[in-house]
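Descriptive structure summary
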Amino acid sequence: MLYLVGLGLGDAKDITVKGLEIVKSASRVYLEAYTSILTVGKDALEDFYERPVILADRDMVEQDSAEILKNADKEDVAFLVVGDPFGATTHSDLVLRAKENNIDFKVIHNASIMNAVGCCGLQLYNFGETVSIVFWTDNWKPDSFCDKINANLKRGLHTLCLLDIKMKEQTIENLMRGRKVYEPPRFMTVSVACQQLSEVSKNRTDCEFSPSTMCVGLSKVGSDNQRIVAASLEELCKYEQMGDPLHSLVIVGKVHPLEEEFLKQFYLTNFDNKAHFS
Ligand SMILES: C[S@@+](CC[C@H](N)C(=O)[O-])C[C@H]1O[C@@H](n2cnc3c(N)ncnc32)[C@H](O)[C@@H]1O
């Protein structure tokens, strides 16, 4: 059996009791290590589980899934995912490959940023399509997220923006020379995401958001030191106190009075909030 086990968002102890039982008894335990991170690393998980854990990077999951699925028709293999296994698009693929190989699978769900974002007071029912914001380079500045945010805002819906993570990236030079030398991990911050969004809002005439649009920055949701800050896009461009990764951003749509009441506790400044809501 292949078990996809969600680890939740905080630390080693956020695994469910059912998940922990599977981890303790499986033949092999893999930790997916490229779409998200916990506040603790592999060592802390191994200490808590009292067993070794194999790191599964993008290459292993996407190009060498046979290794993960080996013998999973006869024994139990656990594949650990930070958050919920279906909180990232990537893992449906592993399930489909298990099915192709007649391997049964079970999913042990857990909290995901996709639902924990409700901690800022905006109702999950009032969110539209989620978008991903990738790091821009000097000559690659994709802004397709703008269309999705526009569509959400036109319907008064909030947008959860998941921010880019770069794990085990190679420079172009190392890639071309075939050198397996990797850059240190990089995590997009709320301020970098806001700077990119702000540039798009200035360059595109069809943009439904502007530098004065109300946004919410969130970091390390689910951990003891999670942080939530509500301010205009412009203010968040300059706000560097969100703390350690991971960060997410919400572009706020139409706000219900109850949502506003809740959100108030996170206002960065005492601004006239009405002016900031779309
Ligand atoms: C590809 S998603 C993976 C989601 C994960 N599987 C889940 O269910 O939560 C990774 C992105 O979600 C956001 N994210 C994940 N965990 C977070 C957390 N605890 N606090 C804030 N943002 C988080 C970050 O923007 C991060 O880059």
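Residues numbered from 1 in each chain as written. Predicted model: local features only at pLDDT ≥ 70, side-chain atom pairs only at ≥ 80, totals over all residues. Heavy atoms only, no water.

To continue, consider the overall build of the protein chain. Per the secondary structure count, the protein chain includes eleven helices and twelve strands. Seen through its C-alpha atoms, the protein chain measures out along the principal axes to roughly 60 × 45 × 35 Å. The burial tally for the protein chain puts 48% of its 278 residues in the buried class. Sequence-distant contacts in the protein chain: of pairs separated by 6 or more residues, those separated by 24 or more amount to 73%. (Helix = DSSP H or I, 4+ residues; strand = E, 2+ residues; numbered from the N terminus. Buried < 20%, exposed > 50% of the residue type's maximum accessible area, 1.4 Å probe, protein only. Contact = heavy atoms within 4.5 Å.)

Applying the stated criterion across every chain yields a total of two aromatic pairs. It is R186 that lies over the ring of F135; its NZ or CZ is 4.2 Å from the centre. (Phe/Tyr/Trp six-rings, centres within 6.5 Å; stacked < 30°, edge-to-face > 60°. Lys NZ or Arg CZ within 6 Å of the ring centre and 35° of its normal.)

Right, let's talk about the domain arrangement of the protein chain for a bit. Once the domains are mapped, the protein chain shows domain 1 (2-111) and domain 2 (114-276). One C-alpha centre belongs to domain 1, the other to domain 2, and the line joining them spans 27 Å. Each side of the interface is counted separately: domain 1 has eleven residues, and domain 2 has twelve residues. Seen at the junction of domain 1 and domain 2, the total is zero salt bridges. At the boundary of domain 1 with domain 2, the tally comes to zero residue pairs in polar contact (both at pLDDT 80 or more). Split into classes, the residues belonging to the side of domain 1 that touches domain 2 amount to five nonpolar, five polar and one charged. (Domains from an automatic or database assignment. Salt bridge = Lys/Arg side-chain N within 4 Å of Asp/Glu carboxyl O. Polar contact = N/O pair within 3.5 Å; in protein donor to acceptor, adjacent residues only side chain to side chain. Nonpolar A, V, L, I, M, F, W, Y, C, P; charged D, E, K, R; others polar.)

Our focus in this paragraph is the environment of M214. By secondary structure assignment, the location of M214 is in strand β10 (residues 214-219). Each C-alpha atom, one on M214 and one on L233, is 6.2 Å from the other, the two residues being 19 residues apart in sequence.

Once that is clear, we can look at the side chain of S65. Mapped onto the secondary structure, S65 falls in helix α4 (residues 65-69). Assessed through its relative accessible area of 7%, S65 is described here as buried. Leave out the neighbours within four places in its chain, and S65 touches M60, L94 and R97.

Next up on the list: the environment of R177. Here R177 shows up in the loop between α8 (172-176) and β9 (186-187). For the pair R177 and L236, spaced 59 residues apart in sequence, the C-alpha to C-alpha distance is 39 Å.

Quick look at the sheet that holds strand β6 (residues 131-133) now. Taken together, the five strands give an open sheet; going across it, the order is β6-β7-β12-β10-β11, and neighbouring strands pair in mixed fashion. Bordering the open sheet on either side are β6 and β11 (227-232), each of which pairs with just one other strand. Shown here is a sheet whose adjacent strand axes are inclined to one another by a mean of 25 degrees, direction ignored. Bridge analysis of β6 against strand β7 (residues 159-163) gives three bridges, and the strand direction is parallel. When the bridges of β7 are listed, S132 appears paired with L162. Packed on one face of the sheet, helix α7 (residues 145-154) meets β6, β7 and β12 (247-251) and runs near 140 degrees to β6. The sheet strands contacting helix α9 (residues 190-203) are β6, β7, β10 and β12, and the helix crosses β12 at an angle near 40 degrees. (Pairing = 2+ DSSP bridges. Axes fitted to C-alpha atoms, helices over the stretch in contact; angles between N-to-C directions.)

This next bit is on helix α5 (residues 91-100). When α5 is considered as a whole, its buried residues turn out to be H91, L94, V95, R97 and A98. On an axial view of α5, the arc spanned by its buried residues comes to 160 degrees, and they lie on one face. Among the exposed residues of α5, those pointing more than 90 degrees away from its buried face are L96, K99 and E100. Against β1 (2-6), β2 (28-32), α3 (58-63), α4, β4 (77-81) and β5 (105-108) lie the buried residues of α5. Positive phi appears at N102, one or two residues downstream of α5, with a value of about 55 degrees. (Arc of directions from axis to C-beta.)

With that out of the way, let us pick up the nonpolar core. The biggest cluster of nonpolar side chains holds 28 residues, and the ones touching the most others in it are F145, L197, L236 and L249. When residues of this core are traced back to their parent elements, those giving at least two are β6, α7, β7, α9, β11, α10 (233-238) and β12. Per-element accounting of this core gives the leading share, five residues, to α9. With near-sequence residues (within four places) excluded, L236 lies in contact with V190, S191, C194, C215, V216, G217, V229, A231 and L249. (Core = buried A, V, L, I, M, F, W, Y, C linked by side-chain atoms within 4.5 Å.)

The environment of the ligand is formed by 18 residues, the closest being S112, I113, L163, H247 and S248. Within the backbone of V82, an N or O atom sits 3.0 Å from a nitrogen atom of the ligand. Taking V221, its main chain carries an N or O atom lying 2.9 Å from a nitrogen atom of the ligand. Contact with the protein chains hides 93% of the accessible area of the ligand, taken as 570 Å² for the molecule alone. Broken down by secondary-structure element, the contributors of at least two residues to the shell around the ligand are β7 and β12. By residue class, the composition of the shell around the ligand is nine nonpolar, seven polar and two charged. (Near = heavy atom within 4 Å. Areas by Shrake-Rupley, 256 points an atom, 1.4 Å probe, with all protein chains shown as cover.)

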